Amino acid sequence: MPEGHVLHRLAGALDEHFAGRTVQVTSPQGRFADSAALLDGQPLLGAEAYGKHLFVDFEPGIVHIHLGLIGKLRIHPLAPPVGVVRLRIADDSTAADLHGPQHCALITRAERDAAVAPLGPDPIRADADPEVAWQRIHRSGRSIGALLMDQKITAGVGNIYRAEVLFRQRIRPDRPGKLLRRASWEAIWTDLVVLMAAGVRDGRIDTVRPEDAPEVTGRAPRDDPHGGEVYVYRRAGQPCLVCGSPVRSGTLEGRNLYWCANCQRRG
């Protein structure tokens, strides 16, 4: 499932190509055909992301998209649809094709507000309030590793950012939220804001500090289809880039977890 920075990049790309312009809206697959007919020939007012949710605004309503595990939204030069396309937004030169989303529906503005109301603050958004997350974290007996993945705590944070920010702050992932110090939470949040904003800018997740980069340490760059230089994510059994201890892995609430037991001792 894509992490939050991917949705923010998609919202920015939709704005860049279509905002303020009259567009053609179709559903080649047919499952969104009735709603598409209401939007076809209307101007696209704008797009925004909140956590892992994407909202595309038209005067008749808002298209609410959640990509889920296999969904893709591809923006490309105009050409005939390829594969199963739930939704197409297009002008004379560019098309945005939605494939395999978990959710795609035309909703009202009130329904949009209801969809985001349960979500925690999104570190990429300027209106995010980390105090909301802290109030939920410091009352919880769940581990900080689990809490960071809970979209009601921090919207948009996924498995990679969870593993990496805890490593960078040297915090054990099994530390109960109610035992986490406020200063530790503030450091986690500040780091997430920086890392996730960089993900939006660069289109990849890089979490390794300059002093640990391949060109400085002489190690080989990461060879992984996910891309990006990371400390522990998907590096189980490999030496920690800081201390050399084997990176550990396990599962936490059904999701893979990666950490360095030597470096992550805080808590």
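The structure displayed is predicted, hence computed values, not measured ones.

Engineer: I tried to follow the sheet that holds strand 2 (residues 44-50) on my own but got confused; where do I start?
Structural biologist: The four strands lie next to each other as 2-3-4-8, forming an open sheet whose pairing is antiparallel. With partners counted over all chains shown, the strands left at the sheet margins are strand 2 and strand 8 (103-107), one partner each. If you compare each strand with its neighbour and ignore which way they point, the axes differ by 15° on average. Both strand 3 (residues 53-58) and strand 4 (residues 61-66) contribute to a ladder of five bridges, which runs antiparallel. Paired with Phe58 across the strands is Gly61, a residue of strand 4.

Engineer: Even after reading the chapter, I still don't get the UniProt feature "domain: Formamidopyrimidine-DNA glycosylase catalytic" (unreviewed entry) in the chain, so can you show me in this structure?
Structural biologist: UniProt's feature table lists "domain: Formamidopyrimidine-DNA glycosylase catalytic" (unreviewed entry) at residues 2-96, given in the numbering used throughout. In the segment residues 2-96, helix accounts for 23% and strand for 37%; the C-alpha atoms at its two ends are 17 Å apart.

Engineer: Which parts of the structure should I look at to understand the packing of helix 6 (residues 159-168) against helix 7 (residues 182-202)?
Structural biologist: The description of two packed helices rests on the angle between their axes and on the distance between the axes. Two elements in contact, helix 6 and helix 7, have axes whose closest approach is 10 Å; the angle formed by their N-to-C orientations is 130°. It follows from the interaxial angle that helix 6 and helix 7 lie oblique. The two elements helix 6 and helix 7 cross, and the hand of that crossing is right-handed. Where helix 6 abuts helix 7, its residues Tyr161, Val165, Leu166 and Arg168 lie against Ile188, Asp191, Leu192, Leu195, Met196 and Gly199. Tallied by class, the residues present in the contact of helix 6 with helix 7 amount to seven nonpolar, one polar and two charged.

Engineer: Sorry, what's going on with the domain arrangement of the chain here?
Structural biologist: Many structure descriptions define interface size as the accessible area lost when the parts assemble. Taken domain by domain, the chain consists of domain 1 (4-117) and domain 2 (130-260). The C-alpha centroid of domain 2 is placed 30 Å from the C-alpha centroid of domain 1. The interface is formed by seven residues belonging to domain 1 together with 14 residues belonging to domain 2. Buried surface at the junction of domain 1 and domain 2, both sides included, amounts to about 690 Å², of which 65% is carbon and sulfur. Among the residues domain 1 hides against domain 2, the three largest losses belong to His5, Arg9 and Lys52. Together they make up 71% of the total. Linking domain 1 to domain 2 there are zero salt bridges. The element contributing the most residues to the side of domain 1 that touches domain 2 is helix 1 (residues 4-18), with four residues.

Conventions and cut-offs
Residues numbered from 1 in each chain as written. Predicted model: local features only at pLDDT ≥ 70, side-chain atom pairs only at ≥ 80, totals over all residues. Heavy atoms only, no water. Pairing = 2+ DSSP bridges. Helix = DSSP H or I, 4+ residues; strand = E, 2+ residues; numbered from the N terminus. Axes fitted to C-alpha atoms, helices over the stretch in contact; angles between N-to-C directions. UniProt positions renumbered as here; feature names shortened; annotations may be inferred. Parallel < 35°, antiparallel > 145°, perpendicular 65-115°, else oblique. Left-handed = near helix turned anticlockwise from the far one by under 90°. Contact = heavy atoms within 4.5 Å. Nonpolar A, V, L, I, M, F, W, Y, C, P; charged D, E, K, R; others polar. Domains from an automatic or database assignment. Buried area = accessible area lost by both parts, 1.4 Å probe. Salt bridge = Lys/Arg side-chain N within 4 Å of Asp/Glu carboxyl O.

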